[in-house]
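Report on the structure
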Amino acid sequence: MIAGLREGVDAALRQRRTAMACVCFSLLTVPILLLLAGLQGWALTHDEVLLYYRPERLAAVQWGVGLLALWQGLVALLAWQRREWLPEHAPRWAAAALGPVLMGWCALALLYGLQDTPMGMLLIEILVFARAFFLLRDITPWLAAGAVLLVGHELLQGLGVVSYAPLLSQPMFAGGELSDWWTWWLRIMFNASVLPFAAALFYLFSSLARHRAELETLARTDVLTGLANRREFMARLAEEAQRQQRGERPLTVVMLDVDHFKQVNDTHGHAAGDQVLSSLGRLLQGSVRQEVDLAARLGGEEFALLLPETDTEGAQCVARKIVEALRGMPIHHGAQLLPVTISAGVAPVQGGDGERALRLADDSLYEAKRQGRDRVVMAMAPHADAMH
Ligand code: GH3
Ligand code: MG
Ligand code: MG
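My aim in this report is to walk through the structure given alongside it, one point at a time. Along each chain, the written sequence defines residue order, and numbers are assigned to residues from 1. All chains are assigned letters beginning at A, and all ligands numbers beginning at 1, according to the order in which they are written. In keeping with the model being predicted, local features are shown solely for residues with a pLDDT of at least 70 and side-chain atom pairs are shown and tallied solely at 80 or more, while totals for entire chains, interfaces and linings include all residues. The side-chain figures draw on all heavy atoms in the structure; neither hydrogens nor water molecules are used.

Structural notes on the coordination of the magnesium ion (ligand 2)
Using the following cut-off: Excluding water, the donors of a metal are its N, O and S neighbours within 2.8 Å, or within 3.2 Å for Na, K and Ca, and that exclusion means sites may look incomplete. In this scheme, a residue with accessible area under 20% of its type's maximum is buried, one over 50% is exposed, and one in between is partly exposed, where area comes from a 1.4 Å probe on protein chains only.
Donor atoms from the polypeptide that coordinate the magnesium ion (ligand 2) comprise Asp257 (OD), Val258 (O) and Glu301 (OE), at 1.8 to 2.2 Å from the metal. If you list the donors of the magnesium ion (ligand 2) from N- to C-terminus, the spacing comes out as D-V-x42-E. A distance of 3.6 Å spans the gap from the magnesium ion (ligand 2) to the magnesium ion (ligand 3), which Asp257 bridges by coordinating each metal. Like Val258, Asp257 is buried.

In structure tokens, the structure reads:
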């Protein structure tokens, strides 16, 4: 249940689908409205509290808050029912969810007095929620309207046309001690804004961190095979090559290329080709030391291994195991069996020059192809040492 809710909120935050944004935004704002309605209802039914308000205005405001909560609830309910087929971006629904509550809360903040109540803080909180769930262009008109309302009110108040906190018979802080009512009112409204807001901010930040980690992983990963991509391989190669130079520890690279892969595609189709690549991805991942070595798809049907703390003999062993394993592992595609072989070239990194090692491994790979494929060739040997 909690995991499902988290996924829903994450999806609303990430995809900004209007339907889920309406639901989440209303679920956050309706409780605040109901709390305020509860406090106002209490005031309306208790004469000693009603003294602090202008009663006829409070009755009208109470209707307004009630209708606003009802409207938000209705928008959430209808958006939830339509979540599957509402377009991803539905500006009218966004306006329905955002407009009344943002305008309404601006008005409430002015009615209670912005300067000495938590109403302004709640307004900011509602704005932050709006920004988190909706697109900026959906919020902008309401931001502009809210700014006009607040600035206009300030001006009119400065000119003495309207009074400060016109809902109240006198401002909450009229000097001296706060009355019991306002002490409680402040305590309740303050906590109602601060606690959920703090929780939401923590949630937003950890959700952002989660998204960033996912994106970083995606940026380093090849989608088809799940191996590292070229970019990640080159970065790790540069890093490990420096370490090799500093510590003179052996570091070896292996380049691998599927034999006659074009034929697999031409004979069995591109999907079969993709299936071969992803099976090969699993084979490579399973053939190297986790956490230490790196298996990558450099592009097309070309793969590479980065093997720290491994000399050429060790790397040759790893490459040979892969070549042999693939030879004995025909890949299934539907009812078809696809016999696939691979060639590999091995080269040590020397003097911290990773790119040179990669070129040498590529030359050796070319040599393996020339010698008939399905084999491993080592660089740096006086005469390329072919192993079948
Ligand atoms: P060789 O033994 O000399 O390496 O022959 P080859 O056919 O494997 O080499 P070539 O470079 O001529 O062909 C590579 C083919 O790989 C061409 C292209 O159709 C295919 N290929 C590249 N990327 C992908 C991919 O992501 N999926 C699939 N299915 N095929 C791909
Ligand atoms: Mg090939
Ligand atoms: Mg190739």
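Quick word on the site of ligand 1
To be explicit about the condition: Near is defined per residue: the residue qualifies when any heavy atom it owns lies within 4 Å of the molecule or strand. Any pair of N or O atoms that falls within 3.5 Å is considered a polar contact. Within protein, one atom must be able to donate a hydrogen and the other to accept it, and sequence-neighbouring residues count only if both atoms are side-chain atoms. Methods summary: accessible areas were calculated by the Shrake-Rupley approach with a probe of 1.4 Å, and residue burial reflects only the protein chains presented. Put simply, DSSP marks the helices as runs of H or I at least four residues long and the strands as runs of E at least two long, and each gets a number from the N terminus on.
Around ligand 1 there are 16 residues in total, and His260, Phe261, Asp274, Arg297 and Lys369 lie nearest to it. Val258 is positioned with one of its backbone polar atoms (N or O) 3.1 Å from an oxygen atom of ligand 1. Lys262 places a polar main-chain atom, nitrogen or oxygen, 2.9 Å from an oxygen atom of ligand 1. Here ligand 1 has 650 Å² of accessible area as a free molecule, and 67% of this is covered by the chains. Where the shell around ligand 1 is concerned, the elements lending two or more residues are β1 (251–258), α10 (261–268) and α11 (270–287). Take the shell around ligand 1: its biggest share by element is four residues, from α11.

Observations concerning the packing of aromatic side chains
Keep this limit in mind: For Phe, Tyr and Trp, rings pair up if their centres lie within 6.5 Å, where Trp contributes its six-membered ring, and each pair is then called stacked (planes under 30 degrees apart), edge-to-face (over 60) or tilted (otherwise). In this scheme, Lys NZ or Arg CZ marks a charge over a ring once it lies within 6 Å of the ring centre and within 35 degrees of the ring normal.
Taken as a whole and assessed by the stated rule, the structure comprises eight aromatic pairs. Between Tyr53 and Trp182, the aromatic rings sit 5.4 Å apart at their centres with planes inclined by 50°, giving tilted as the arrangement. Remark: Trp182 occurs in helix α8 (residues 180–220) and Tyr53 occurs in the loop between α3 (47–50) and α4 (55–81); sequence separation between them is 129 residues. Per residue, the accessibility class of Tyr53 equals that of Trp182, and both read buried. Aromatic side chains Trp182 and Trp185 sit 5.5 Å apart centroid to centroid with 85° between the ring planes, which places their arrangement in the edge-to-face category. Pair noted here: Trp182 and Trp185 are both in helix α8, with a separation of three residues, about one helical turn. Overall, Trp182 belongs to the buried group, its relative accessible area being 2%. In this structure, Arg83 packs its charged tip against the face of Trp80, placed 3.9 Å from the ring centre. A cation sits over an aromatic face here: Arg187 above Trp184, 5.0 Å from the ring centre.

Here's the deal with a nonpolar patch on the surface
The line we're drawing: Each patch groups residues whose relative accessible area exceeds 30% and which form no salt bridge, using 9 Å between like charges and 5 Å between nonpolar side chains of Val, Leu, Ile, Met, Phe, Trp and Tyr. Each reported salt bridge corresponds to a side-chain nitrogen of Lys or Arg within 4 Å of a carboxyl oxygen of Asp or Glu.
Side chains of Trp63, Leu67 and Leu70 sit close together on the surface and give an oily, nonpolar patch of about 400 Å² of accessible area. Note that Leu67 resides in helix α4.

Points about the packing of helix α9 (residues 230–247) against helix α13 (residues 354–370)
What counts is decided by this rule: Angles run from 0 to 180 degrees between N-to-C directions of axes, and those axes are lines fitted to C-alpha atoms, restricted for helices to the stretch in contact. Contacts were defined at the residue level, with two residues in contact if any of their heavy atoms lie within 4.5 Å. Residues are grouped as follows: Ala, Val, Leu, Ile, Met, Phe, Trp, Tyr, Cys and Pro are nonpolar; Asp, Glu, Lys and Arg are charged; every other residue, Gly included, is polar.
It is the contact of α9 with α13, at a shortest axis distance of 9 Å, that shows an interaxial angle of 115°. Contact residues: Phe233, Met234, Leu237 and Ala241 in α9; Gly354, Glu355 and Leu358 in α13. Looking at the contact of α9 with α13, its residues break down into five nonpolar, one polar and one charged.

Considering the packing of helix α2 (residues 18–45) against α8
Filter applied, for reference: Here the word oblique covers every angle except those under 35 degrees (roughly parallel), over 145 (roughly antiparallel) and from 65 to 115 (roughly perpendicular).
Running from amino to carboxyl end, α2 crosses α8 at an angle of 170°, the nearest separation of the two axes being 11 Å. On the basis of the axis angle, α2 is roughly antiparallel to α8. The segment α2 lies against α8, with Leu35, Leu36, Leu39, Trp42 and Ala43 engaging Trp181, Trp185, Ile188, Met189 and Ala192.

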